[in-house]
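Summary of the model geometry
What follows is the residue order along each chain.
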Amino acid sequence: MYKIALLAGDGIGPEIIKEALNVLDAISESSPSFQYEVEEALIGGIAIDETGIALPKETVELCRGSDAVLLGAVGGPKWDNTDPGGVRPEQGLLGIRKELELFANLRPVKIFDALIDSSTLKPEYLHGVDVMVVRELTGGIYFGERKRIGDRAFDTCDYTFSEIERLLRIGFDLARKRGKKVHSVDKANVLESSRLWREAAVKVHEDYKDIELNHMLVDNCAMQLIRNPAQFDVIATGNMFGDILSDEASMLTGSLGMLASASLGSSGVSLYEPSHGSAPDIAGQNQANPLATIMSVSLMLRYSFDLMDEADRIDNAIEEVLNNRFRTADIMEDGATRLSTTEMGKKIVDTLKTDR
Ligand code: IPM
Ligand code: MG
């Protein structure tokens, strides 16, 4: 019996998590090898409202004692503030990443043929695009020293060689199972931390001579992702660059609502979440696209539980539903059938029930 910690969070978080759980239920009903129980805990704005902080101790303990964590989203205008000592929902997310040492964030950018026309890019640039963004998640400018002193403020981008090295090893290992190409993305023409990044990439590459290594500056990478996205296989990069590039890359798929993520680390407990935020503007309206969260569940089955067939079943169900031209609002197009969050979840579940 696997134990999954459930952190629904804020905004659309609870709505998309509910659909992901229905999918997990459908899988466990048909796969005796996969039985699970869930336990919920607070994170983000809702945790602030109920406990005063974004990451209560009980939440961390529950996650540590679980086999995997499924997270919705955190944040919303209600809790926004610019107070240097302020309490913010995002502290919950950053905190749990750090507590569980989830240093590698995998964001697969997979193009579904059925969605090629939903992208803002011309179709001819999208065929064959299959990118894995591997983002460092527990270091860099997100966690370096920061301060507000009078009318000045600073944030520090701080990396050690070994932090970079372990992230890059994950990138190279993934490339070995995929397209055998790594783009290590940095800003080595300006930043010292990026020059260290580049040195680490050269060193790690010695153990991966079968993989092609390209160094690319982050500004160029941002441009190349739009100019010729099919050139990329694995993009391995630091925390902030990965945050920005993965949002950009998600638009190749048609919507940020299609981008799943897996955060892996050294503690053995991995965390799965959609790459998008809490979308406060549509929260509670049953409009959000649950597919990024459902794909995150598929990543959980793949990476945490080694259930490859079950993960494939989810991915195939998503593909089939999209091929049948069912869409949520964010990926809607002419002639397609528009579904709500719950309807999309149900379509995936119904498809899973008929796939064998
Ligand atoms: C993400 C999000 C978070 C991040 C925010 C909500 C703190 O944008 O997971 O990409 O910047 O890491
Ligand atoms: Mg982001």
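Right above here is the structure, for reference.
Structure report, in brief. (Residues numbered from 1 in each chain as written. Chains lettered and ligands numbered in written order. Predicted model: local features only at pLDDT ≥ 70, side-chain atom pairs only at ≥ 80, totals over all residues. Heavy atoms only, no water.)

**Some points on the overall build of the protein**
Applicable threshold: Put simply, DSSP H or I for four residues or longer makes a helix, DSSP E for two residues or longer makes a strand, and each gets a number counted from the N terminus. The reference for a compact globule is 2.2 Å times residues^0.38; the radius of gyration itself is calculated from the C-alpha atoms. Burial here depends on accessible area, computed with a 1.4 Å probe over protein chains only, as a share of the maximum for the residue type. Under 20% is buried, over 50% is exposed, and the range in between is partly exposed. Contact definition: two residues touch when any of their heavy atoms are within 4.5 Å. Accessible surface is estimated by sampling points in the Shrake-Rupley manner with a 1.4 Å probe; for residues, cover comes only from the protein chains shown. Positive charges are assigned to Lys and Arg, negative charges to Asp and Glu, while His and the chain termini are left out of the count. A charged residue contributes its charge at one atom only: NZ of Lys, CZ of Arg, CG of Asp or CD of Glu.
Check the secondary structure of the protein and you find 11 helices and 14 strands. Against the compact-globule benchmark of 21 Å for 356 residues, the protein has a radius of gyration of 20 Å, which places it among compact chains. Counting only C-alpha atoms, the protein reaches 55 × 50 × 40 Å along its principal axes. Taking all 356 residues of the protein together, 54% fall into the buried category. Nonlocal contacts in the protein, meaning residues at least 24 apart in sequence, comprise 74% of its contacts between residues at least 6 apart. As presented, the protein carries roughly 15100 Å² of accessible surface, and 50% of it is formed by carbon and sulfur atoms. Where the 38 positive side-chain charges of the protein centre and where its 57 negative ones centre are 3 Å apart.

**Comments concerning the environment of Ile96**
Considering the arrangement of structural elements, one finds Ile96 in helix H4 (residues 90-99). Ile96 gets classed as buried once you look at its relative accessible area, which sits at 0%. Separated by 42 residues in sequence, Ile96 and Thr138 place their C-alpha atoms 9.9 Å apart.

**Here's the deal with the pattern of salt bridges**
Test applied: One side-chain nitrogen of Lys or Arg within 4 Å of one carboxyl oxygen of Asp or Glu is enough to make a salt bridge.
Throughout the structure, instances matching the rule amount to 21 salt bridges. The partner of Arg302 in a salt bridge is Asp312, with the nearest N and O atoms 2.9 Å apart. Of this pair, Arg302 sits in helix H9 (residues 291-303) while Asp312 is found in helix H10 (residues 308-323), placing the two residues 10 residues apart along the sequence. When its relative accessible area of 34% is taken as the criterion, Asp312 is described as partly exposed. Between Asp350 and Lys346 there is a salt bridge, with its nearest N and O atoms 3.0 Å apart. In this pair, Asp350 and Lys346 both sit in helix H11 (residues 341-353), four residues apart, roughly one turn of the helix. Shared partners join several salt bridges into a network, and the residues in it are Glu165, Arg169, Lys203 and Asp207.

**Describing the site of ligand 1**
What counts, and what does not: We call a residue near a given molecule or strand whenever any one of its heavy atoms falls within 4 Å of it. In protein, a polar contact requires one atom able to donate a hydrogen and another able to accept it; more generally it is a pair of N or O atoms within 3.5 Å, and residues adjacent in sequence count only if both atoms are side-chain atoms. Under this grouping Gly is polar, as are all residues other than the nonpolar Ala, Val, Leu, Ile, Met, Phe, Trp, Tyr, Cys and Pro and the charged Asp, Glu, Lys and Arg. Per the annotation, domain bounds derive from an automatic or database assignment of domains.
Lining the immediate environment of ligand 1, one finds Glu90, Leu93, Arg97, Arg107, Arg135, Tyr142 and Asp243. Contact between ligand 1 and Arg135: an oxygen atom at 2.8 Å from a side-chain N or O atom of the residue. Interatomic distance of 2.9 Å between a side-chain N/O atom of Asp243 and an oxygen atom of ligand 1. Protein chains bury 79% of the 320 Å² of accessible surface belonging to ligand 1 in isolation. Broken down by element, the shell around ligand 1 gets its largest block of residues, three residues, from H4. By residue class, the composition of the shell around ligand 1 is two nonpolar, no polar and five charged. A domain-level breakdown of the shell around ligand 1 finds at least three residues from each of domain 1 (1-105 + 258-356) and domain 2 (120-253).

**Comments concerning the packing of H10 against H11**
Cut-off, in case you're wondering: Whenever a helix is involved, its axis is fitted only over the stretch in contact; in every case the axis is a line through C-alpha atoms, and angles between N-to-C directions fall within 0 to 180 degrees. Handedness of a crossing is defined here by the sense of rotation of the near helix relative to the far one, left-handed for an anticlockwise turn of less than a right angle and right-handed for a clockwise turn.
Close contact between H10 and H11 brings their axes to 9 Å; oriented N to C, the two are set at 120 degrees. The chirality of how H10 crosses H11 is right-handed. Between H10, through Arg313, Ile314, Ala317, Ile318, Glu320 and Val321, and H11, the contact on the second element is made entirely by Met344, Lys347, Ile348, Thr351 and Leu352. Looking at the contact of H10 with H11 residue by residue, the classes come out as seven nonpolar, one polar and three charged.

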